[in-house]
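The lines below spell out each chain.
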Amino acid sequence: MVFKKQIVWFEEVGKGDVGLVGGKGANLGEMTNARIPVPYGFIVTADAYFNFVKTARLENKITELLSMVNYDNPDELKQLADHLQSLIKQSEIPTNLAKDIIEHYENLNSKEEHYFKNRLSTFKFGLNKVKHLYNNPLVAVRSSATAEDLPNASFAGQQETFLNVRGDTHLLIKVKECWASLFTERAIYYRHKMGFDHAKVGLAAVVQRMVQSSRSGVAFSIDPVTNDKNKIVIEAIFGLGEYIVQGKVTPDHYEINKQSLVILKSEVKYQNSKYIKDNIHNKEVKLGKTEGSQKKLTDEEIIKVALQVKEIENHYYFPQDIEWAMEDGNLFIVQSRPITTMKNVKAGLSRPNEDARTASLQEPLLTGSPASPGIGVGPVSIIHSPNEIDKIHHGDVMVAPQTNPDYVPAMKKAAAIVTEKGGRTSHAAIVSRELGIPAVVGAEAATRKLKNEMVVTVNGESGEIFKGKIISHHVGSIHESTAHRKRIKTVTKVYVNLAEPEEAEKAARLDVDGVGLLRAEFMIAGIGVHPKEFIRQKKESVFINRLSRDLMKFVKPFSPRPIVYRATDFKTNEYRHLAGGEKYEPKEENPMLGFRGASRYIADPEVFIMELAAIKKIWDLGYRHLHLMIPFVRMPWELIKIKEIVQSSGLLDFHDFQLLIMVEVPSCALNIEEFLKIGVNGISIGTNDLTMMLLGVDRDSHEVSAIYDERSPIVISTLEYVVSTCEKYKVTSSICGQAASDYPEIVEKLVKAGITSVSVNPDAVMRTRELVHEIEKKHYKL
């Protein structure tokens with residue numbers, strides 16, 4: 001971490017420096033150090049901003065004015081915002097700071113060239129990207145608030161970005177304007193509503209080389225509408241990226257399977273204009289029907305962006321919202337931030353209930369792109385600019401050409417939101433998801449086809465708008481609605497894969513027979529500290545109690561259905577990211593094949609023993625359905641050692657307790673009979689790692705990822721061998737890897753081979769149960 005510096009180069013900061021350089025600046029530094037292709041630059045830090053405010057004697061004035069305003073009065077708020085911004089713009093930047101900014105700006109070319117030379121072998125672009133620069137380089141000045149892009153807040157473009165800035169004087173003016181944008185109406189209002197202390201939120205100014213993008217866009221490492229973690233969503237437009245975020249045009253929409261990189265959906269949208277550089281200014285250019293209707297990215301470019309998205313998510317270990325740009329065929333990442341709307345999106349919010357939908361016999365008035373799930377009913381109120389936001393009353397369906405942050409006060413009142421332009425990554429979509437308000441974007445001619453005071457029903461999941469109130473109540477999540485469906489009985493058990501305690505109660509209402517894979521890693525990551533730190537501080541009981549509390553969040557709603565807890569399978573590089581992790585974790589060239597799973601428990605059992613103690617606490621309370629599965633078992637003798645450790649915990653003394661192993665290493669799969677002779681209650685096949693190792697393929701490598709396919713004959717035959725061997729030894733067998741959720745043909749083969757259960761992601765439960773039922777009807781002639 002860099003302390004009290006007024007200006008830093010990107011590589012001097014990382015994700016831990018949000019307090020100094022804001023969320024955007026910290027992420028740009030983090031990605032620069034991770035060799036991700038980020039346009040180079042420097043950051044005028046929040047300390048510089050606070051120093052400026054103090055030197056200009058603005059602190060007391062700002063605090064006094066903010067204490068007097070009525071935040072819910074738009075006129076008062078506008079008057080205050082204008083006054084505060086004027087105070088900042090009229091104040092002088094301290095001389096030493098101004099000189100420092102100019103010096104960094106003038107050195108940007110040489111610093112960038114030196115930086116690229118040192119890292120040329122790892123970047124996907126080279127020195128040709130800097131040789132064309134002028135002595136006064138063209139830069140963008142971007143705001144980066146110190147409370148921005150945190151996991152519990154999204155400032156969604158509230159502060160300003162200035163493009164095509166050239167020259168010392170122009171740069172200093174734009175840095176001040178960047179600071180002033182901390183006090184726009186929308187920024188002041190948002191901080192007040194979120195409870196942020198205005199005086200403690202600083203703003204860093206990111207000065208970054210301009211990318212003259214021919215195509216640009218936004219990408220999410222999960223589906224932002226449904227939270228489907230198996231998809232990457234990319235949206236693309238012609239020209240600079242401002243139009244996609246502002247929702248001024250409707251982008252192409254692409255969906256990609258995260259594991260196989262198969263393009264699942266490719267929607268090409270007509271773009272009527274683009275925003276491009278014109279000398280040192282930007283201008284709008286109209287597009288004809290032919291040019292505007294072209295696909296924005298080739299399939300190869302879609303995969304190129306998807307691979308970069310995967311790399312960034314893998315680096316952060318958290319779903320990311322990413323802005324990207326293409327310049328001369330080179331991909332650049334302009335920024336990345338954590339997705340802040342995941343908890344507000346109820347996965348799988350469905351179409352209006354079928355009875356009401358059938359009774360109404362209505363076709364939708366309009367369709368667009370689903371942007372924020374849920375059902376909203378109310379009278380239409382059409383507005384065309386932020387000056388009209390007073391027209392929106394609580395419960396209205398707000399309809400607009402597009403939105404920007406100035407619309408937020410009105411959006412908060414709306415029952416639903418409809419825009420004519422924009423995609424799932426536009427401002428309207430992002431803010432709607434954050435607010436939990438149903439939204440449909442890209443609904444062409446909505447301001448003409450819908451009329452003020454017309455009552456409509458907006459389905460944010462399907463992207464449909466219906467005339468009238470066609471449902472009698474808001475439809476709940478898929479988890480709630482399936483609780484009332486008729487249960488389908490199957491011989492083969494259908495389990496669910498889970499990781500997050502917050503999802504347990506909803507998942508328990510699904511038509512599942514239990515939890516086939518409960519991943520430990522999310523719970524451990526939620527604790528946030530490396531388990532060995534608790535041991536070092538002699539606070540093992542704190543860790544054990546916290547883990548057992550999280551486990552109880554699954555145990556109670558699923559009782560008495562079985563839950564299979566997979567012990568921690570962090571790799572060393574993942575463990576190092578926990579607080580204190582660097583002290584305990586070795587650096588490995590290939591962590592996937594390194595110190596993990598059973599080998600770790602045997603060599604260093606202390607953490608594993610704490611996990612066993614947490615499980616035993618549950619059993620001591622009288623619950624009898626929480627079981628243990630050991631991951632990444634390589635050799636039979638490892639299983640013998642593991643059983644000795646589990647025996648010493650007292651868990652094996654419980655008659656009903658079950659010990660299972662993951663089959664994900666070829667040496668285990670092909671030698672499964674020896675493991676079964678030693679004695680386990682069941683096995684579960686992890687197809688992700690097993691497929692990689694059987695085929696010798698890294699599924700995250702673009703160069704060979706096309707080879708990765710769980711449907712390969714050698715993989716299928718191995719799966720069938722493991723299942724048939726387990727049937728021979730009367731041991732339960734299951735499959736919990738991604739293949740069970742993605743490929744019905746694999747499930748069919750394994751059901752026929754005698755598998756006793758399949759465990760799938762929550763979104764695949766219903767279709768898998770129905771699939772298994774149909775297979776069994778044919779196979780068993782039921």
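Values in this document were obtained by computation on a predicted structure and should not be read as measured data.

**Here we look at the nonpolar core**
One broad trend across soluble globular proteins is that nonpolar side chains are buried collectively. Leu 551, Tyr 565, Phe 608, Leu 628, Ile 630 and Ile 683 are the most contacted members of the largest nonpolar core, which has 86 residues in total. With sequence-adjacent residues up to four places away left out, Ile 630 is seen in contact with Ala 598, Tyr 601, Phe 608, Ile 642, Leu 659, Leu 660, Ile 661 and Met 662. In this structure, Ile 62, Ala 98, Ile 101 and Ala 180 belong to the second largest nonpolar core, which totals 47 residues.

**Here's the deal with the sheet that holds strand β19 (residues 439-441)**
Taken in spatial order, the 8 strands make up an open sheet running β14-β21-β20-β16-β17-β18-β19-β15, and their pairing is mixed. Two strands lie at the open edges of the sheet, namely β14 (366-367) and β15 (369-372), each paired on one side alone. Bridge count between β15 and β19: 3 bridges; the pairing is antiparallel. Each residue of the ladder has a partner; that of Pro 370, found in β19, is Val 440.

**Notes on unusual backbone geometry**
In this structure, Pro 560 follows Ser 559 across a cis peptide bond, with omega equal to 5°. With respect to the helices and strands, the residue Pro 560 is situated in the loop between α21 (540-558) and β24 (563-566). Although it is not a glycine, Leu 261 adopts a positive phi angle of roughly 60°. Relative to the elements of secondary structure, Leu 261 occurs in the loop between β8 (252-257) and β9 (263-267). Even without glycine at this site, Lys 730 takes up a positive phi of about 60°. Relative to the helices and strands, Lys 730 resides in the loop between α29 (713-728) and β28 (732-735).

**Focus on helix α28 (residues 687-695)**
Among the residues of α28, Thr 687, Asp 689, Leu 690, Thr 691 and Met 692 are the ones counted as buried. Once α28 ends, the next one or two residues include Gly 696, with phi positive near 65°.

**Some thoughts on the packing of helix α3 (residues 59-68) against helix α4 (residues 74-90)**
Their axes nearest at 10 Å, the elements α3 and α4 cross at an angle of 175°. Compared by their axis directions, α3 and α4 come out roughly antiparallel. Facing α3, whose interface residues are Ile 62, Leu 65, Leu 66 and Met 68, α4 presents Glu 76, Leu 80, His 83, Leu 84 and Leu 87.

**Some remarks on the packing of helix α1 (residues 18-33) against helix α12 (residues 299-316)**
Relative orientation of the contacting elements α1 and α12 amounts to 105°, with a least axis distance of 11 Å. Here α1 is positioned roughly perpendicular relative to α12, judged by the angle of their axes. Along its contact with α1, which presents Asn 27, Glu 30 and Met 31, the element α12 presents Ile 312, His 315 and Tyr 316.

**Considerations on the packing of aromatic side chains**
Throughout the structure, instances matching the rule amount to 12 aromatic pairs. A ring pair is formed by Tyr 601 and Phe 608, whose centres lie 4.3 Å apart and whose planes are at 10°; its orientation type is stacked. Using a relative accessible area of 2% as the deciding quantity, one classes Tyr 601 as buried. Overall, Phe 608 belongs to the buried group, its relative accessible area being 1%. Ring pairing ties together the aromatic residues Trp 9, Phe 10, Tyr 40 and Phe 42, which thus form one cluster. We note Lys 289 situated over the ring of Tyr 270; from NZ or CZ to the ring centre the distance is 4.0 Å. A cation sits over an aromatic face here: Arg 596 above Phe 632, 3.8 Å from the ring centre.

Calculation rules
Residues numbered from 1 in each chain as written. Predicted model: local features only at pLDDT ≥ 70, side-chain atom pairs only at ≥ 80, totals over all residues. Heavy atoms only, no water. Core = buried A, V, L, I, M, F, W, Y, C linked by side-chain atoms within 4.5 Å. Buried < 20%, exposed > 50% of the residue type's maximum accessible area, 1.4 Å probe, protein only. Contact = heavy atoms within 4.5 Å. Pairing = 2+ DSSP bridges. Helix = DSSP H or I, 4+ residues; strand = E, 2+ residues; numbered from the N terminus. Axes fitted to C-alpha atoms, helices over the stretch in contact; angles between N-to-C directions. Parallel < 35°, antiparallel > 145°, perpendicular 65-115°, else oblique. Phe/Tyr/Trp six-rings, centres within 6.5 Å; stacked < 30°, edge-to-face > 60°. Lys NZ or Arg CZ within 6 Å of the ring centre and 35° of its normal.

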